[in-house]
Amino acid sequence: MSELAPSQASGKTFFGHPRQLSTLFHIELWERFSFYGMQGILAIYLYHSVGEGGLGFSKAVAGGIVGAYGGSVYLSTILGGWLADRLWGAERTLFYAGILVMCGHIALALVPGVDGMIAGLVCIALGSGGVKASASSMVGSLYEDEQLRPLRDAGFSIFYIAINIGGFFGPLITGLLQENVGFHYGFGAAAVGMAFGLWRYAVGRKALPHLGAPLPLPASQRKIAVAIAIAIVLGIIAAVHFDKLQLGNFSRVLLGVVILATLAYFTRLLLDPKVDANHRRYILAYIPLFAAICIFWAMWFQIYTVVTVYFDETMDRSIGPYAFNIFGHTFIFNEIPVSWKDSLQSFWVILFSGVMATLWTKMGEVQPKTPLKFALSLFILGLGYLCFVPFIKTGVVMGLFVFAFAILLITLAELLLSPISLSFVTKIAPEHVKTQMVALNFLGLSLGFTLGGIIFEKNYGVSLAENTPFDFTSLAAHAAQQPWLDHLLTALQNDNTANFYILVGGISIATSVVLMLIVPLLNRLLKGAD
């Protein structure tokens, strides 16, 4: 029997699940409060002008940076998974990583300019990777008992609610502060949220399973590990010093690193003599699912790029004005903050994740298998982005209710894949690399987010000037004198933007169709695990 069985027997549960889920629920909630609060204002901080408190990057560069940052967060789950499996165990790794996340938000809040952005994003990326790999692995460990295994998917869905409660309130607070007092106050609120989360975790961590590293690193190899770490850091410093690694090429370098890391992970897992035949078969089936995960997140990521730009510059966000006073400061509402778009997405998750958790619990053994859930998620994701196309093509501004519906479709797609993929890898993972298998799942997000940033940077806002040899500046000046030509150029730009949405939606739906065709094969390979 699992050590969790007594708590179940005594009636001490958390919504019918092991009580320890509560502690993990709350640390994830506050970590996500800080993460999504910062993420909600990051893109506009990058592309808003210096006069508006931003850094003044172009939208294309800003999208690439946001994608590279997101990719770095999930790439660092490899490091977090390795530290949990080989050195500290998942529980200690989670705590130390949370401290690093808080330091990153403090840097963004207090250090101005590009230096503060780089220092803050590096700390947050490294720390968030450790939090995500360790927390998800610990949630999976709560359901090892045979009596609790049927609750696993529902447990991860409840855990996913924590992510989105934080994701809902984080952008509300940071967006309000960004609109009224400045970006750095928004970043400061994220730091305060993470500090509170660490305090809450410290209170409840004694009740968690304090399992050591499942595959501890021998003392003789620790010096080698330290030497490799120092070599990597020195290599990065040298690459930056000699201009081999810059903001302009970081996304592409990162994408190459993530692809190599992915290939290395799968090769190691498939050749590991400790992996038995059944688990090797599961890992083979996971390869096409992993590819689908990467494509899903590359397309889903555009909610932080093209959808953010649309909500910022095209949507009518006017309200009020309303005014209210907090701690002696008067906050005035003239329009909905841009970051509240992310709160809307989290609101839909909160509303529907509980419904879906209940649905999977009620359906039990007759619920769709993981491959079919993934295929459905990609199809619905494509429909969500295609909702924007007729409005952009016609120049009609999308209404708030239609916008909310499009975000709902994107959210339902996420709920069919994200918590399910976390649950799935804990089912198929060999015991001695469970945390690292969770990290491999997050590597799919790393690859997807990085690729998504590159896709946006290279394809969004492609204008007539970039495809013709004549002087676009002169033509634009002439257009100011010719209304018909001005309308033509606007229509061409609208077509370019609409084509980007069609590209994203089309890739999503095409991937769904391909995955649907191989669902029967994948179900056979996963028999006994899924």
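Scroll up a little and you will see the structure.
Within any chain, residue numbers begin from 1 and follow the written order of that chain's sequence. Totals for whole chains, interfaces and linings use all residues, but because this is a predicted model, local features are given only for residues with pLDDT of at least 70 and pairs of side-chain atoms are given and counted only at 80 or more. Side-chain numbers come from the whole structure's heavy atoms, not from hydrogens or water.

1. Focus: the pattern of salt bridges
Criterion for a salt bridge: a side-chain nitrogen of Lys or Arg within 4 Å of a carboxyl oxygen of Asp or Glu. Counted by the stated rule, this structure contains five salt bridges. For R32, the salt bridge identified is with E31, shortest N-O distance 2.6 Å. A simple rule labels every residue: compare its accessible area, found with a 1.4 Å probe on the protein chains alone, to the largest value its type can have, and call it buried under 20%, exposed over 50%, or partly exposed in between. Assessed through its relative accessible area of 0%, E31 is described here as buried. Each of D312, R317 and E335 takes part in one network of salt bridges that share partners.

2. Here we look at the packing of aromatic side chains
Each pair of aromatic rings taken from Phe, Tyr and Trp, with Trp reduced to its six-membered ring, is defined by centres within 6.5 Å and is described as stacked if the planes are under 30 degrees apart, edge-to-face if over 60, and tilted in the remaining cases. Using the criterion set out here, one finds 32 aromatic pairs in the structure. Seen from their ring centres, Y45 and F183 are 5.1 Å apart, and the 55 degrees between their planes marks the pair as tilted. Residue Y45 is found in helix α2 (residues 20-47), and its partner F183 is found in helix α6 (residues 183-204); the two are separated by 138 residues along the sequence. Linked through ring pairs, Y74, F296, W297, W300, F301, Y304 and F449 together constitute an aromatic cluster. A ring is considered to have a charge above it if a Lys NZ or an Arg CZ atom is located within 6 Å of its centre and within 35 degrees of its normal. For R317, the ring lying beneath its charged end belongs to F311, and the centroid distance is 5.8 Å. Each helix corresponds to a stretch of at least 4 residues labelled H or I by DSSP, and each strand to a stretch of at least 2 residues labelled E; elements are numbered beginning at the N terminus.

3. Considering the packing of helix α5 (residues 152-180) against α6
Remark: α5 packs on α6, axes separated minimally by 7 Å, with the N-to-C direction vectors making an angle of 155 degrees. Regarding the angle of α5 to α6, the classification is roughly antiparallel. Crossing of α5 over α6 shows right-handed handedness. Here I173, T174, L177 and Q178 of α5 lie close against α6, whose contacting residues are F183, Y185, G186 and A189. Simply put, an axis is a line fit to the C-alpha atoms, just over the touching stretch for a helix, and the angle between two N-to-C directions goes from 0 to 180 degrees. An angle counts as roughly parallel when it lies under 35 degrees, as roughly antiparallel when it exceeds 145, as roughly perpendicular when it falls between 65 and 115, and as oblique in every other case. For any helix crossing, the convention is left-handed if the near helix is rotated counterclockwise from the far helix by under a right angle, and right-handed if that rotation is clockwise. In what follows, a contact means two residues having at least one pair of non-hydrogen atoms within 4.5 Å.

4. Observations regarding empty space enclosed by the protein
Site definitions follow a grid-based scheme: protein atoms alone, a 1 Å grid, a 1.4 Å probe that fits but cannot get out for cavities, and for pockets an open set with protein on both sides within 12 Å along at least five of seven lines, plus lining residues having an atom within 4 Å of a point. Grid points are joined across faces, edges and corners, and a volume is the space filled by probe spheres set on the points. Enumeration over the complete set of coordinates arrives at three cavities of 30 Å³ or more. Considering only enclosed or pocket space, the largest cavity measures out at about 220 Å³ in volume. Forming the walls of the largest cavity are 22 residues, and the residues nearest its centre are Y36, Y74, K132, S418 and L445. Counting residues per element, the ones that place at least two in the lining of the largest cavity are α2, α4 (113-141), α5, α9 (277-300), α14 (400-428) and α15 (434-459). Lys, Arg, Asp and Glu make up the charged group, whereas Ala, Val, Leu, Ile, Met, Phe, Trp, Tyr, Cys and Pro make up the nonpolar group; the residues left over, Gly among them, are polar. Across the lining of the largest cavity, the residue classes break down as 13 nonpolar, six polar and three charged. Around the second largest cavity, the lining residues are A43, Y47, K59, A62, G63, V66, Y304, T305, V309 and F456. Looking at the lining of the second largest cavity, the elements with two or more residues in it are α2 and α3 (59-110). The dominant element in the lining of the second largest cavity, judged by the number of residues it contributes, is α3, at four residues.

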